[in-house]
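Summary of structural features
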Amino acid sequence: MEKVLIIGSGIAGLSAAIECAEKGMEAILVSPFPSERSQSVLAAGGINAVLYEDGEDSIDSHVEDTLKGGLFIAGENAVRGLCVDAPRIIRWLERKGTVFTTKENGRIDQRAFGGQSHKRTCYCGSATGKQIVTALVMEARRLEGMGRIKRIFWMDFYKALIRDGKCYGAIFYNESHADLEILRADYVIFATGGQNTMFGKTTGSTLCDGYAQGKLFMQGVELKNLEFIQFHPTTLETAQKRLLVSEAVRGEGGRLYYLENGKRVYFMEELYGEKGNLMPRDVVSKTMDQTGQEIFLDISFLGKKEILRRIPEVYELCLKYRGIDISEESIPVSPSIHFFMGGIAVKNNHETNISRLYAIGECASIYHGANRLGGNSLLAAIHGARVVAADLEGAGAAAKTDSLPDAAFEKELEEERTSLNQRWASESTFPVKYIKDMLAESLRSDLGILREEAKLRNGMEDVSYFMSVQDKIRYDRSEMAFLGFSVPSILALAKAVLVCADFRKESRGAHVRSDYPDRKKEWEAATIISHDQGAYRTRLDMEREYES
């Protein structure tokens, strides 16, 4: 029986564990926290699928919208696989216990989302992610009771076990024992989410900091399209973070405006017509930023009864955290970092350039190109899990034929223990939080919606300085255990993002350069970056090697 180690317990990780277990593999799901605290719970709007062929919508249309939304740098074969699988995924979720919002005739209701030519976003009120996580957790527990899934919490990924281009498992920091330990596996799947806290306050979970991507990058795993960072146009400021005002609000008819001489200017409709409020997220965010005005989102015309029926979670969120009754008042909104189209470079089977090491969900880059369409992220997380499980089922026990003995990694484990203890022994007056806060401030300033070479180079200089002092700061175990080892990898990832943004000398999707404002045909390819003993090697994937 093949042993599959899955790192990350959100929707992607849960789906992978369930699919692998159902195909007869031993699934080990490892995470610092239970699934109920994952980023996936925050996904509000919905999941895309062409469910009914009796209308105008079609699989081809879903494919076309996704490729167009991603500005044509995602692989068509991968995107088609995603869209073809979408209806099956919805039915799979229903069988696992997900309860979707339905119409009076019993059909699943579907709403409009930005960048889509038809209403194809299935939803569960405005808490779709929460509903899916709940259903998948129950299924994982059922399989756990049968001995087919093993779930391990309070374990932080530390380092992959890689030898000669193959992955044999990973080292984790066990928070319960305050020590490092090895988990071996025939295959390893990363489902660790995005890079949210690297940028400070975003719409995402504070548990997602990009460490896994940065560490794998330093271990030889190639990354892709890091410059494409999606700003969600409608977020609400609070003291702790940016709260997502779901695209469902605009899908239900919400209108963006600013005030000029006391009158409302519905700028998106003036620029783009009747469907202006549902333009792709990069377009809306850039347009909002360029107005230089305070922007509001109005949905009050629906009335309280309909608001509570269609988007109750948005109503409760605004009332609870800002005291705004959206049935009577408009919502003050502004763009905020929300999703990372870039991440670990994977082939169509989701394997990386390291054999037996896979990546799925937001930490992987494959389906979204230069800009993700709303409703495609949950779809991609589940589809990716299904693709990997099918690939591993076909691979059989091939990984066992060249497995290394545990003794091969014992010296490496002891060296890492010594290194970690040395970091915690520092008595520096500068705490680790200082670098994390300064990094977030630098990235927000130099890697915003509108970019230019001078700022990007300034950001690289800042990160290089942080790297020069990373071994001279104090790591406080009482704040978060893994801070003792996360900073160097996070800084490496931050520099890689800036290098990619500087490398792509054009504007495309979520990457907008004031000094290179046009989109160029010769840049219609993915950006690949690798780490070579401290050097950052960047190239365009003109041969589409990650889409075969």
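Residues numbered from 1 in each chain as written. Predicted model: local features only at pLDDT ≥ 70, side-chain atom pairs only at ≥ 80, totals over all residues. Heavy atoms only, no water.

1. A short note on the overall build of the protein chain
Tallying secondary structure elements over the protein chain gives 15 helices and 24 strands in all. Taking 24 Å as the expected radius of gyration for a compact globule of 548 residues, we find that the protein chain reaches 23 Å, a close match to that expectation. Taken over the C-alpha atoms alone, the protein chain extends approximately 70 × 50 × 45 Å along its principal axes. Among the 548 residues that make up the protein chain, the fraction classed as buried is 61%. Pairs at least 24 residues apart make up 71% of the contacts formed inside the protein chain by residues separated by at least 6 positions. Carbon together with sulfur atoms contributes 48% to the accessible area of the protein chain, which is approximately 21400 Å² in total. (Helix = DSSP H or I, 4+ residues; strand = E, 2+ residues; numbered from the N terminus. Rg over C-alpha atoms; globule rule 2.2 N^0.38 Å. Buried < 20%, exposed > 50% of the residue type's maximum accessible area, 1.4 Å probe, protein only. Contact = heavy atoms within 4.5 Å. Areas by Shrake-Rupley, 256 points an atom, 1.4 Å probe, with all protein chains shown as cover.)

2. Some thoughts on the packing of helix H3 (residues 76-96) against helix H11 (residues 376-395)
Direction vectors running N to C along H3 and H11 enclose 95 degrees, while the axes themselves pass 9 Å from each other. With respect to their mutual orientation, H3 and H11 come out roughly perpendicular. Contacts from Gly81, Leu82, Asp85, Ala86, Arg88, Ile89, Trp92 and Leu93 in H3 reach Leu379, Ala380, Ile382, His383 and Arg386 in H11. A breakdown of the residues in the contact of H3 with H11 according to their chemical character gives eight nonpolar, two polar and three charged. (Axes fitted to C-alpha atoms, helices over the stretch in contact; angles between N-to-C directions. Parallel < 35°, antiparallel > 145°, perpendicular 65-115°, else oblique. Nonpolar A, V, L, I, M, F, W, Y, C, P; charged D, E, K, R; others polar.)

3. Overview of helix H10 (residues 312-322)
Those residues of H10 that fall on the buried side of the exposure criterion are Pro312, Val314, Tyr315, Leu317 and Cys318. Packed against the buried residues of H10 are strand S12 (229-237), strand S13 (242-244), helix H6 (248-251), helix H9 (304-310) and strand S17 (331-340). Just downstream of H10, Gly323 is the residue with a positive phi angle, here 65 degrees.

4. What about the sheet that holds strand S11 (residues 223-224)?
One open sheet accounts for five strands, arranged S20-S18-S11-S23-S24; its pairing is mixed. Strand pairing shows two members of the sheet lacking a second neighbour, strand S20 (364-365) and strand S24 (535-540), which therefore form its edges. Two elements, strand S18 (residues 343-345) and S20, share two bridges in a ladder whose sense is parallel. Directly across from Ala345, in S20, lies its bridge partner Ser365. Docked against the sheet, helix H5 (residues 211-218) engages S11, S18, strand S23 (527-532) and S24, running at close to 65 degrees with respect to S23. (Pairing = 2+ DSSP bridges.)

5. Here we look at the pattern of salt bridges
The tally for this structure, following the rule as stated, stands at 37 salt bridges. Asp57 is the salt-bridge partner of Arg120, the closest N and O atoms lying 2.8 Å from each other. Of the two residues, Arg120 is situated in the loop between strand S4 (110-111) and strand S5 (121-122) and Asp57 in the loop between strand S3 (47-48) and helix H2 (59-69); the sequence distance between them amounts to 63 residues. (Salt bridge = Lys/Arg side-chain N within 4 Å of Asp/Glu carboxyl O.)

6. Overview of the pairing of S12
Residues in a regular strand project their side chains so that they alternate between the two faces of the sheet. Judged by how many residues are buried, S12 sits mostly within the fold: eight of nine residues are covered. Bridging between S12 and S13 involves three bridges; their strand directions are antiparallel. The residue of S13 that forms the bridge with Glu237 is Arg242. Remark: four residues form the turn of the hairpin made by S12 and S13, two consecutive strands paired antiparallel.

7. Concerning the sheet that holds strand S6 (residues 149-152)
Within a sheet, neighbouring strands are paired by backbone hydrogen bonds and run either parallel or antiparallel to one another. Read across the open sheet, the five strands follow the order S6-S2-S1-S10-S19; overall the sheet is parallel. Two strands lie at the open edges of the sheet, namely S6 and strand S19 (357-359), each paired on one side alone. Each neighbouring strand pair of the sheet contributes to a mean axis angle of 20 degrees, computed without reference to strand direction. Sheet topology places strand S1 (residues 3-7) next to strand S2 (residues 26-30); five bridges connect them, and they run parallel.

8. A look at the nonpolar core
Ranked by internal contacts, the top residues of the largest apolar core, which has 127 residues, are Leu5, Ile47, Phe157, Ile189 and Phe190. Broken down by element, this core gets its largest block of residues, 13 residues, from helix H15 (residues 483-503). Ignoring any residue separated from it by four or fewer positions in sequence, one finds Phe190 in contact with Ile7, Phe157, Ala212, Leu216, Leu357, Tyr358, Ala359, Ile360 and Cys363. (Core = buried A, V, L, I, M, F, W, Y, C linked by side-chain atoms within 4.5 Å.)

9. A word on H11
Compared with the 28 Å implied by 1.5 Å per residue over 20 residues, the 28 Å span of H11 between its first and last C-alpha is a close match. Counting buried positions along H11 yields 15 of 20 residues, so the element is predominantly enclosed. (Expected span 1.5 Å × (residues − 1).)

10. So, the pairing of S2
Summarising burial for S2: four of the five residues are buried, a large majority. Assessed by its sense of winding, the connection that carries the chain from S1 through helix H1 (residues 11-22) to S2 is right-handed. (Right-handed = clockwise from strand over helix to strand, strands pointing away.)

11. Structural notes on the environment of Leu5
Its place among the elements puts Leu5 in strand S1. Between the C-alpha atom of Leu5 and that of Asp186, which follows or precedes it by 181 residues, the distance is 7.8 Å. Not counting chain neighbours up to four residues away, the residues in contact with Leu5 comprise Ile28, Val30, Gly169, Ala170, Phe172, Leu183, Ala185, Tyr187, Val188 and Ile189.

12. A word on the packing of aromatic side chains
Here the structure, examined in full by the defined rule, presents 12 aromatic pairs. Centre to centre, the rings of Phe157 and Phe190 are 4.9 Å apart; their planes meet at 85 degrees, and the pair counts as edge-to-face. Of this pair, Phe157 sits in strand S7 (residues 155-163) while Phe190 sits in strand S10 (residues 187-190), and the two are 33 residues apart along the sequence. The exposure classification of Phe157 matches that of Phe190, with both residues buried. Taken together, Phe157, Phe172, Phe190 and Tyr211 form an aromatic cluster joined through their ring pairs. Over the aromatic face of Tyr266 sits the side chain of Arg255, whose NZ or CZ is 3.6 Å from the ring centroid. Positioned above the aromatic ring of Phe339 is the side chain of Arg372, whose terminal nitrogen or guanidinium carbon lies 4.1 Å from the ring centre. (Phe/Tyr/Trp six-rings, centres within 6.5 Å; stacked < 30°, edge-to-face > 60°. Lys NZ or Arg CZ within 6 Å of the ring centre and 35° of its normal.)

13. Re the state of the cysteines
Think of a disulfide as a covalent bridge from one cysteine sulfur atom to another cysteine sulfur atom. Tallying each qualifying case throughout the model produces zero disulfides. Cysteine Cys20 is unpaired, with the sulfur of Cys167 as its nearest cysteine sulfur at 14 Å. You can call Cys20 buried: its relative accessible area is 0%. Looking at the unpaired Cys363, the closest cysteine sulfur is the one in Cys208, lying at 9.5 Å. (Disulfide = S-S within 2.5 Å.)

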